[in-house]
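# Residue-level structure breakdown
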Amino acid sequence: MTTVNEQGVLSPYPKRLRRAPATAGVLAAETLVIVLASFLAGIAWHLAAYGRIGPLDLFARDGASVAILFLLVSSRAPGYPLSILREEAPGPALAASWAVAFSAHLGIGFLAKSLDEVSRGSTLLFLPLGFVALAWLRTVLARTFGNQDFGGRVLVVGSPAQIARFGADDRAQRYSCVSLPLADADRCDTPAGRRRLDERIASGVAMVRTFDCDRVLILVPWEERAAMDACIEAFLDTPATIHVATPPGFETFARAARYDAEPLPNLRVAGAPAGPVVHATKRVIDVVLSGLALFLLAPLLVAIAVAIRLDSPGPALFAQTRHGFNQKSFRILKFRTMTALEDGPTIVQATRDDPRVTRLGRLLRRYNLDELPQLVNVLRGEMSLVGPRPHAVAHDLEYQRQIARYARRHNVKPGITGWAQVHGLRGRTETVASMERRVAFDLYYIENHSILLDLRILLMTLSPRAFLNAY
């Protein structure tokens, strides 16, 4: 936990690197690594296939082309490139940026008719080699410079208790912070209090200049409007960016933003999880992939249906009422894995050793094969490939009374797989706390919904590790 010392320092200053040189250095390093990977892939392939080095000028051209496209794509990420220095490990964002940049390079090469000038083998080798080289570079940079300060000095203004709460947050450790504690006597309701407040704020302005702070975070409560205005007015005379803490409870709204709609500018705290373009793209992906999957898996689906009928009496398919988008009811399809066919006000969740589960049902449930008929629900538009898993209506009604914002799960279409499931939150929820954790992951997905996140979840679902660990 970070503490405040007598000098008002929240955290010790690490070695400070200048922002501009650090940015240029990272960009240059990534460009160099991509070009070197192009050379290495080209030379290695030509030596192995043809016994010669190959056209070095073409390797340089392709490397530079991919590097430029990669930097353009990566620049859309918040805080790039310095943000990568605080990554624990290169994540899916790197893979997505590399894939988009390389695809754009191939598309441009196709249109320019320049792909035939370089061996296809060297191009295919460049794709994984470049990604591995970038992942290695980012890992090295993060481990080397991850604890450095890239101009992130912040002056925190507020009461000692507010400053202590800010310093206790792990995220505060990313910055070098100095504090300006304001006592209860530093108020604007008396002339003496206003003089003391002005003196304290003046010392804060001096601290911004002395410590070369980039930002000022004002934690003064909103009800103390006069003190807040005095702080803002004073710090406007410094080059620092000024931030004001949000009102209590505002942290609930992860995507709040100013909305300049006539006739009155306002603060939008919640809205639709995604726009029409994302919805249309997601629907196209759902139809194409679910239709293709049903076509390719048709023999397997027929075989499972026949095996179920031979294994135990009852239908091969089981339909149960669930809540979908905007809490509209639909009938979800599953392969029958139990002797019970519950669909009423009381539904008992299946346990790992539930005697109601059939012999074949245990195998189907272990590898989630019982969920395959839901591809039909996706084609119908009742579900999506990716989204919060739909629960039985009885469970929805139960948890809505116990978990805040549980019903927000229905603000998007339910999915066959989801953000919670790829993090191991699947199967029976024995306690309210376990369901709260699952709902928290679902809400994160809704707040951060994008096509790239959907693709990431699909890849995580289809990974061998996820398949082997499935319940």
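Note that the structure is a prediction, hence the values are computed from the model and not measured.

### So, the packing of aromatic side chains
Any two aromatic rings considered together are summarised by their centre-to-centre distance and by the angle between their planes. Under the criterion given, the structure shown has six aromatic pairs. Aromatic pair Phe102 and Phe126: ring centres 5.4 Å apart, planes at 65 degrees, arrangement edge-to-face. Of this pair, Phe102 sits in helix H3 (residues 92–112) while Phe126 sits in helix H4 (residues 120–145); the two residues are 24 residues apart in sequence, bridging distant segments of the chain. For Phe126, a relative accessible area of 4% translates into the label buried.

### Brief notes about the pattern of salt bridges
For the structure on display, the rule yields 12 salt bridges. The partner of Arg61 in a salt bridge is Asp62, with the nearest N and O atoms 3.1 Å apart. On the accessibility criterion, Arg61 (32% relative accessible area) is partly exposed. Among the ionic pairs, Glu447 bridges to Arg408, the shortest N-O distance being 3.3 Å. Of this pair, Glu447 sits in helix H12 (residues 432–447) while Arg408 sits in the loop between helix H11 (393–400) and strand S10 (415–417), placing them 39 residues apart in sequence. Residue Glu447 is classed as buried on the basis of its relative accessible area of 12%.

### Brief notes about the nonpolar core
Phe335, Trp419, Tyr445 and Ile457 are the most contacted members of the largest nonpolar core, which totals 32 residues. Counting residues per element, the ones that place at least two in this core are helix H8 (276–311), strand S8 (329–335), helix H9 (359–366), helix H10 (374–380), strand S9 (384–386), H12 and helix H13 (451–462). The element best represented in this core is H12, accounting for six residues. In contact with Phe335, other than residues within four places in its own chain, are Leu301, Ile304, Ala305, Ile308, Ala316, Leu317, Leu364, Leu369, Asp370, Leu372 and Pro373. Residues Ile34, Ala37, Ala67 and Ala101 belong to the second largest nonpolar core, which totals 21 residues.

### Concerning the pairing of strand S2 (residues 176–181)
In terms of burial, S2 is a largely internal element, five of the six residues being buried. Bridge count between strand S1 (residues 153–158) and S2: six bridges; the pairing is parallel. Within S2, the residue paired with Val154 across the bridge is Cys177.

### A look at the sheet that holds S2
With respect to topology, four strands assemble into an open sheet ordered S2-S1-S3-S4, the strand pairing being parallel. The open sheet has two edge strands, S2 and strand S4 (241–244), and neither has a second partner. Here the average twist between neighbouring strands, direction ignored, is 20 degrees. Where strand S3 (residues 215–218) lies against S4, four bridges are found, and the strand directions are parallel. Pairing of Ile218 across the sheet is with Val244, part of S4. Sheet strands touched by helix H7 (residues 225–235): S1, S2, S3 and S4. Its angle to S4, the strand with the most contacts, is close to 170 degrees.

Rules of the game
- Here the residue index of a chain counts from 1 through its sequence in written order.
- With the structure being a predicted model, the display of local features is reserved for residues of pLDDT at least 70 and the display and counting of side-chain atom pairs for 80 or more, all residues being used for whole-chain, interface and lining totals.
- The side-chain numbers reported here are obtained from all heavy atoms of the structure, hydrogens and water having been left aside.
- Put simply, two rings from Phe, Tyr or Trp (the six-membered ring, in Trp's case) pair if the centres are within 6.5 Å, and we call them stacked under 30 degrees between planes, edge-to-face over 60, tilted for the rest.
- What counts as a helix is a DSSP run of H or I of at least four residues, what counts as a strand is a run of E of at least two, and both are numbered from the N terminus.
- The buried label goes to any residue with under 20% of its type's maximum accessible area, the exposed label to any with over 50%, and the partly exposed label to all in between, with areas taken from a 1.4 Å probe on protein chains only.
- Any carboxyl oxygen of Asp or Glu that lies within 4 Å of a side-chain nitrogen of Lys or Arg is treated as forming a salt bridge with it.
- Grouping buried Ala, Val, Leu, Ile, Met, Phe, Trp, Tyr and Cys residues that are joined through side-chain atoms within 4.5 Å yields what is termed a nonpolar core.
- Between two residues, a contact is recorded if the distance between any of their heavy atoms is within 4.5 Å.
- At least two bridges found by DSSP between two strands are what make those strands a pair.
- Here an angle of 0 to 180 degrees is reported between the N-to-C directions of two axes, which are lines fitted to C-alpha atoms, with helices fitted over the stretch in contact.

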